[in-house]
Structure formats: C-alpha cells, structure tokens
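# Fold and contact review
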Amino acid sequence: MDSTDTRPAPCQHQLALWVFLACFMTYIITMPGYMWSTDGITRLRVAEQLAAGNGWHLEPGSIYEGWTVQGPDGKAYSFYGLGISLVYVPFVVAARTIADGGGLPEAAAIEFVASLVNPLLGALLCAMFFLLLLNLAYTPRIALITTIGLGFGTVLWAHTRDNYDHVMAATCLFASLLLLVRVSTTTFSPYHIAAGACAGLAFLTRIDSAIFILGLLLYIVGTTPPEAYRYRRAVYRIVSFGVGAVPFLILFGAYNYLRFGSVLETGYGIIFDATDRAFFGANSLATGAYRYLYSPGRGMFLYAPIVLLGIVGIVLFWRRERILARIIGVVACGWLLFYFQSNAISPWGWGPRQLIPIIPLLLIPAAEIFARVRTQPRWQVPVYGLLLLSICMQLPVALTSPSKPMLVAITQEQADMTFDWRYTQLLLQVRHVRTAIPATVRGDEYVFDISSAGANPEYLANKITLNIVDVWWILLYFYGFRWALAIGPILIVMSILLWRHLWRMTAPPSTLQEQS
C-alpha cells in the first residue's frame with residue numbers, strides 16, 4: 001500500500017456520532033431497566049398523567065405521600081421540576097404501544113423504556129463534550145481520551161443507571177454552552193435561540209441551573225467581538241438567547257401557578273414551611289466543602305478523582321481559552337458555594353450527584369493535561385494511571401445497585417455514610433460486588449415481589465435487584481426469560497467493536513499512515 005492515507009478524514013459530527021453510539025451502547029449494557037428511586041417514579045407518574053391527558057396531578061396511591069405536596073385544590077402534586085417528565089412523555093407513549101402490541105405488562109414496559117432516558121442523555125452529553133473539545137482545536141484522540149474520562153471515570157456513568165434529573169440538567173446546560181462556543185464570534189445566529197431553549201429546558205428541570213445560565217450570559221458578553229457597537233451586539237445576542245428561553249420560563253411559571261397559586265412556588269417552599277426547615281444555613285462553608293469535595297460518602301475528588309486533572313490543567317487551559325476558563329471558574333465556584341451552604345445532600349446515589357452539571361466543565365481543562373503528557377513520557381504513567389483508577393472506581397456501581405449498602409447502613413443504625421470512613425460507599429460497594437457476582441453465578445432464588453419495602457432484613461435478603469448483578473438482561477434471566485442471558489455478550493461484543501472502530505478513527509495522521 002501507499003505510505004500515505006488518501007481516505008478523507010471523518011468530519012467532527014461523524015466522530016461525535018460514533019462517540020454517542022459507543023457510549024450509549026456501553027450504558028445500555030449496564031442499565032438496570034427499571035425505576036429504583038422514588039424520585040424517578042414520581043417524575044414518571046407525572047409523565048404518565050400527561051401522556052393520558054389527565055393533567056399533572058398525581059392520583060392517590062400512585063406514589064408515596066412523602067413525595068407529593070397538596071395544592072390549594074386538594075390534589076397531590078410533585079414538587080420536582082417538570083422538564084424530565086416532559087421528556088418521559090414520548091417514551092411512555094411508545095412503551096404503552098409496545099405493551100399493547102406485544103401483550104406485555106404495561107407498568108414494566110413503561111419503566112424499562114423510560115429507563116433508557118438517562119443512558120441516552122449521558123451518551124449525548126459525552127458526544128457534545130467531545131465535539132466541544134474538537135471546537136477548541138484539540139486532536140480527536142485527545143478529545144476521545146478526555147471524553148472517556150468524563151463518561152466512565154466520573155459519577156456520570158453511575159447516574160445513567162438511575163432516575164434522577166441531574167444528568168438531564170447537565171446535558172441541556174452543556175448543549176447550550178456548546179452552541180454558544182460554536183458561534184462565539186457571530187453577532188446573531190439561530191444557535192443563540194437554540195442555546196436559550198436548552199438553558200430554559202434545564203431551568204424547567206432544575207432551578208439550580210440558573211447559576212450555570214448566569215455564566216452562559218457572561219460568556220455571551222465576553223465573546224462579543226470588540227468592534228463598533230460592541231455592547232449593542234451583546235444585547236442582540238442576549239435577546240436572541242432569551243427568545244429561546246422565554247417559552248420555558250412561561251411554562252415554569254404556569255406550572256407553579258396552576259399547582260400552588262404562585263408563579264414562584266415550586267412546592268419546596270411548602271415543604272420547608274411545613275417541616276420548619278431552611279434550604280440554607282445549616283452548614284458552614286468549611287463543612288459544605290468537606291461534604292461535597294472530599295468526604296468519604298460524597299467527595300467529588302474521591303468518587304471522580306480524574307476531576308483533579310481538570311483543576312490542575314486550568315492554568316494551562318487559561319493560555320488557550322481565557323474567556324471560557326473564566327466562565328468555568330465562575331460557574332464552578334458559584335455552584336459549589338450554593339451547595340456548600342445547602343442541606344440538599346443525601347446518602348442516595350453515587351458520589352455528589354448535585355455536582356454533575358459542573359463536572360463536564362471541570363474536565364474540559366483535563367484535555368490540556370492529556371495533550372501535554374504525549375510529549376512528556378515521565379508524566380504518562382501518573383496521568384493515565386489516574387484515568388484508569390477513576391474508571392475502575394465506577395465499575396462496582398455500574399454492576400450492582402448502590403441501594404443495598406446504604407440500606408444496610410440505615411438498618412444497622414450506623415453512622416452517617418457521608419462522614420464516617422468505616423461506612424464509606426466506596427468500600428461497601430466493593431463488598432457488595434463480592435457477594436452479588438457469586439450469587440448471580442449460582443443462580444440463587446429470590447422473592448421477586450416484596451410488599452414491605454424498606455430497610456428491613458427480609459427486604460434486604462430477598463429483593464432480587466439488591467443481591468445480584470443489577471443489569472436488565474441478567475434480571476430478565478432470573479425472571480424466567482432464559483434467552484435474555486445471550487443479549488449481554490452480544491451487546492458487549494458490539495460495544496467493543498464500536499470503541500475499536502472509534503479508536504482507529506481518531507488515530508493521529510502518522511499512525512494512520514503506518515497502518516496503511
């Protein structure tokens with residue numbers, strides 16, 4: 001063959017599509033296929049009501065009362081954001097159609113199809129992250145390595161397996177940032193409207209997105225070309241951004257008003273008033289920083305150590321993209337200060353799920369580290385070792401439910417897992433894997449339907465999803481669908497082939513010439 005490769009290089013969008021497919025395929029392999037959190041079930045119930053044309057109130061008995069708020073009309077309403085429920089609606093409609101056509105249980109079909117939402121959003125976030133790095137002039141290989149760090153070396157992987165709405169908020173916010181980066185020197189573009197719509201949907205999903213949105217507005221102003229009428233041009237861009245966001249802000253206000261009689265009442269205020277609690281003020285900044293950054297139960301640096309590369313790389317990244325580096329710092333600091341003073345942390349999930357929207361931001365500068373170590377072999381071992389360590393730390397929770405260790409700790413009235421190293425989930429989850437894998441191989445018998453939910457010994461010992469490898473194709477096997485066990489190896493092989501092809505597509509030109 002010739003020593004030169006005459007094949008056209010794949011365009012950015014082609015590569016991003018392959019990243020999406022590879023990540024989505026991997027996430028599908030490890031998704032549980034059901035709703036395991038009451039938060040997610042509540043949001044899904046709202047979607048079911050909307051899909052059936054019954055409004056957005058929740059019927060009595062359809063969800064635990066503690067996850068609803070009574071409105072002035074006497075009906076029960078969810079206090080969660082509406083955004084992800086709207087996304088669930090087409091999935092609910094599709095699941096009902098499939099169930100009716102195939103004679104399947106409707107409830108199980110709805111949960112399974114809806115559980116695809118977070119894997120889809122997580123894969124989309126990874127593809128957009130990859131595309132942003134390409135827009136910042138990083139090579140495809142460096143962009144891919146950094147994206148692998150985000151998708152499989154942080155808590156994002158674990159939270160594609162759950163039903164919380166943090167992944168959706170992160171995806172919408174990052175989509176808005178990507179659109180703005182792509183038109184950073186343009187006075188007006190439909191992309192500005194699209195960016196505003198993405199930000200508006202994020203706000204409709206989680207109101208803490210407002211912190212990130214303020215950073216996006218600063219980015220719009222900061223990237224306005226320094227020409228005549230600069231500030232007028234900045235106003236045009238902000239107005240365009242607002243045009244996209246306003247419909248979602250109107251829906252946000254209408255949703256609140258129709259439920260609780262006030263455009264600003266989301267339901268949380270009613271809860272805090274009823275329980276005499278406050279969202280802020282219970283913690284000092286030092287305690288909040290400890291809880292969210294390096295505590296044994298929720299520390300971001302412990303559950304996603306690869307983020308440290310982004311923090312170290314911010315100085316180097318500053319030389320490449322000063323405005324974006326400033327925005328990363330402003331948004332990250334604002335987000336952290338907000339949660340450092342809040343009472344929002346909980347033992348559920350894996351790591352600091354409230355910080356998921358800023359983790360992609362913090363990892364952008366990590367690409368600078370990966371790019372630099374290519375020419376400095378002595379730093380490759382610690383840098384790539386940290387990447388590998390981060391991925392390995394996500395594997396236990398990618399295979400088994402994080403609920404079992406937490407429920408065990410609650411049952412035994414152990415110390416707060418957030419602060420006590422003896423009960424850190426990092427260790428408890430590894431022990432859980434050591435018992436779940438042998439139980440799966442043995443094919444132990446479990447009670448599939450346990451009415452007395454909670455952290456009682458019977459529930460912990462017999463609930464199937466708490467005691468075996470918690471992925472959908474293995475669960476189907478235990479439920480009697482023996483053919484389902486063959487699905488996993490097929491998907492694994494397909495995933496390997498996708499990643500292999502993607503790795504080759506992102507090879508440096510010199511490597512491509514050697515291969516040809």
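Predicted model only: the values in this text are computed from it and were never measured. Residue numbering note: each chain is counted from 1, following its sequence as written. Predicted model: local features are reported for residues with pLDDT of at least 70 only, side-chain atom pairs are reported and counted for 80 or more only, and whole-chain, interface and lining totals are derived from all residues. Note that the side-chain values use all heavy atoms of the structure and ignore hydrogens as well as water.

Glancing now at the overall build of the protein. For the protein, the helix and strand inventory stands at 26 helices and three strands. Relative to the globule expectation of 24 Å for 516 residues, the C-alpha radius of gyration of the protein, 23 Å, shows essentially globular dimensions. Along the first, second and third principal axes, the C-alpha set of the protein runs to 65 × 55 × 50 Å. Buried, partly exposed and exposed residues are distinguished by accessible area as a fraction of the type maximum, computed with a 1.4 Å probe on protein chains only: under 20%, between the cut-offs, and over 50%, respectively. Burial statistics for the protein: of 516 residues in total, 54% are counted as buried. Using a 1.4 Å probe, accessible areas were evaluated by the Shrake-Rupley method; residue-level cover was limited to the displayed protein chains. Put simply, the protein shows about 22500 Å² of open surface, and 65% of that area lies on carbon and sulfur atoms. Only four residue types enter the charge count: Lys and Arg as positive, Asp and Glu as negative, with His and the chain ends excluded. Here the site of a charge means NZ on Lys, CZ on Arg, CG on Asp, or CD on Glu. Averaging the locations of the 34 positively and 28 negatively charged side chains of the protein gives two centres separated by 12 Å. A helix here means a DSSP run of H or I that spans at least four residues, while a strand means a run of E at least two residues long, and both kinds are numbered starting from the N terminus. Note on method: radius of gyration uses C-alpha positions; expected globular size equals 2.2 Å times residues raised to 0.38.

Moving on, we come to the side chain of Thr 30. Relative to the helices and strands, Thr 30 resides in helix H1 (residues 12-30). We classify Thr 30 as buried; its relative accessible area is 7%. If sequence neighbours within four positions are ignored, Thr 30 has contacts with Trp 157, Arg 161, Ala 398, Asp 470 and Val 471. Note on contacts: a residue pair qualifies if any of its non-hydrogen atoms lie within 4.5 Å across the two residues.

What counts as a salt bridge is simple: a side-chain nitrogen of Lys or Arg found within 4 Å of a carboxyl oxygen of Asp or Glu. All chains considered together, the criterion is met by ten salt bridges. Where Arg 96 meets Glu 48, a salt bridge forms, and the shortest distance between an N and an O atom there is 3.9 Å. Placement of Arg 96 in helix H3 (residues 83-102) and of Glu 48 in helix H2 (residues 38-51) is noted, with a sequence separation of 48 residues between them. When the shortest N-O distance is used, the salt bridge between Arg 320 and Glu 368 registers 3.0 Å. Taken together, the residues span a long stretch of sequence, with Arg 320 in helix H15 (residues 307-320) and Glu 368 in helix H18 (residues 366-373) at a distance of 48 residues. Each of Arg 43, Asp 165, Arg 206 and Asp 208 takes part in a single network of salt bridges with overlapping partners.

With that out of the way, let us pick up the sheet that holds strand S1 (residues 57-58). Strand order in the open sheet formed by three strands is S1-S3-S2, with antiparallel pairing between adjacent strands. At either end of the open sheet lies a strand with only one pairing partner, and these are S1 and strand S2 (69-70). DSSP calls a pair of strands paired once it identifies at least 2 bridges connecting them.

For the rest of this paragraph, the subject is unusual backbone geometry. Backbone geometry at Ala 137 places phi at a positive 75°, although glycine is not the residue there. Tracing the chain through its elements places Ala 137 in the loop between helix H5 (117-135) and helix H6 (140-153). With relative accessibility at 60%, the residue Ala 137 sits in the exposed group.

For Phe, Tyr and Trp, rings pair up if their centres lie within 6.5 Å, where Trp contributes its six-membered ring, and each pair is then called stacked (planes under 30 degrees apart), edge-to-face (over 60) or tilted (otherwise). Here the structure, examined in full by the defined rule, presents 20 aromatic pairs. A centroid spacing of 5.1 Å and a plane angle of 65° characterise the contact between Phe 79 and Tyr 268, whose relative ring orientation is edge-to-face. With Phe 79 in the loop between strand S3 (76-77) and H3 and Tyr 268 in helix H12 (residues 268-275), this residue pair connects regions lying 189 residues apart in the sequence. Centroid distance Tyr 290 to Tyr 294: 5.4 Å. Interplanar angle 70°. Geometry classified as edge-to-face. With Tyr 290 and Tyr 294 both in helix H13 (residues 285-294), this residue pair falls four residues apart, about one helical turn.

A few words now on helix H10 (residues 209-222). Compared with an ideal rise of 1.5 Å per residue, which puts 14 residues at 20 Å, H10 spans 20 Å between its outermost C-alpha atoms and is within 8% of the ideal. Looking only at H10, the buried set comprises Ser 209, Ile 211, Phe 212, Ile 213, Gly 215, Leu 216, Tyr 219 and Ile 220. If you follow the buried residues of H10, they end up packed against helix H8 (166-182), helix H9 (190-205), helix H11 (230-260), helix H16 (322-340) and helix H17 (359-363). Each residue after the first adds 1.5 Å to the expected span of a helix.

So, on to the confidence of the model for the protein. pLDDT: the predictor's confidence for each residue, scored from 0 to 100. Per-residue confidence for the protein gives a mean pLDDT of 87, with 91% of residues at or over 70. Low pLDDT, under 50, characterises residues 1-7; the predicted model gives this stretch ten contacts beyond four residues in sequence or across chains. When the criterion is pLDDT under 50, residues 512-516 qualifies, and its contacts beyond four places in sequence or with other chains add up to twelve contacts.

Moving on, we come to the packing of H3 against H9. For any two helices packed against each other, one specifies the inter-axial angle together with the distance between the axes. What counts as an axis is a line fitted to C-alpha atoms, over the stretch in contact for a helix, and the angles between N-to-C directions run from 0 to 180 degrees. Viewed as axis vectors pointing N to C, H3 and H9 meet at an angle of 105°, and their least axial separation amounts to 6 Å. Taken as axis vectors, H3 and H9 run roughly perpendicular relative to one another. Two secondary-structure elements touch here, H3 through Gly 83, Ile 84 and Leu 86 and H9 through Leu 201, Leu 204 and Thr 205. Any residue that is not Ala, Val, Leu, Ile, Met, Phe, Trp, Tyr, Cys, Pro, Asp, Glu, Lys or Arg is counted as polar, Gly included; the first ten are nonpolar and the last four charged. Tallied by class, the residues present in the contact of H3 with H9 amount to four nonpolar, two polar and no charged. The scheme is simple: roughly parallel for angles under 35 degrees, roughly antiparallel for over 145, roughly perpendicular for 65 to 115, oblique for anything else.

Among the secondary structure elements, Gly 215 is positioned in helix H10. Given the relative accessible area of 1%, Gly 215 is considered buried. Once the C-alpha coordinates of Gly 215 and Ile 142 are considered, the two residues, 73 residues apart in sequence, prove to be 26 Å apart.

Direction vectors running N to C along H8 and H10 enclose 0°, while the axes themselves pass 11 Å from each other. One element, H8, and the other, H10, form an angle in the roughly parallel class. Residues Ala 169, Leu 173, Ser 176, Leu 177, Leu 180 and Val 181 of H8 touch H10, and the partners they reach there are Ser 209, Phe 212, Ile 213, Leu 216, Tyr 219 and Ile 220. Split into classes, the residues belonging to the contact of H8 with H10 amount to ten nonpolar, two polar and no charged.

What follows concerns the nonpolar core. As used here, the term nonpolar core means buried Ala, Val, Leu, Ile, Met, Phe, Trp, Tyr and Cys residues forming a set that is joined through side-chain atoms within 4.5 Å. Ranked by internal contacts, the top residues of the largest apolar core, which has 150 residues, are Ile 364 and Phe 370. Setting aside residues no more than four positions away along its own chain, Phe 370 makes contact with Ile 142, Ile 145, Thr 146, Ile 306, Leu 309, Val 383, Tyr 384 and Leu 387.

Our focus in this paragraph is the environment of Phe 91. Here Phe 91 shows up in helix H3. For Phe 91, a relative accessible area of 21% puts it in the partly exposed group. Each residue touching Phe 91, except ones within four places of it in the same chain, is listed here: Val 113, Ala 114, Val 117 and Leu 120.

Looking now at the side chain of Ser 115. Mapped onto the elements, Ser 115 comes out in the loop between helix H4 (106-114) and H5. A polar contact of 2.5 Å, which involves the side chain of Ser 115, links it to the backbone oxygen of Phe 112. When neighbours within four sequence positions are excluded, Ser 115 is seen to be in contact with Met 31, Gly 33, Tyr 34 and Met 35. Each polar contact in these results corresponds to two N or O atoms within 3.5 Å; when the atoms are within protein, one needs to be able to donate a hydrogen and the other to accept it, and residues that are neighboring in sequence are counted only if both atoms are side-chain atoms.

Moving on to H2. The α-helix winds at 3.6 residues per turn, so residues separated by three or four positions along the chain end up facing the same way. If you check H2, its first and last C-alpha atoms are 20 Å apart, about what 14 residues at 1.5 Å a residue would give, namely 20 Å. Taken together, the buried positions of H2 are Thr 38, Asp 39, Gly 40, Ile 41, Thr 42, Arg 43, Leu 44, Val 46, Ala 47, Glu 48 and Gln 49. Considering only its buried residues, H2 is in contact with S1, H3, H4 and H11. Note on H2: the residue one or two positions beyond its end, Gly 53, has a positive phi of about 75°.

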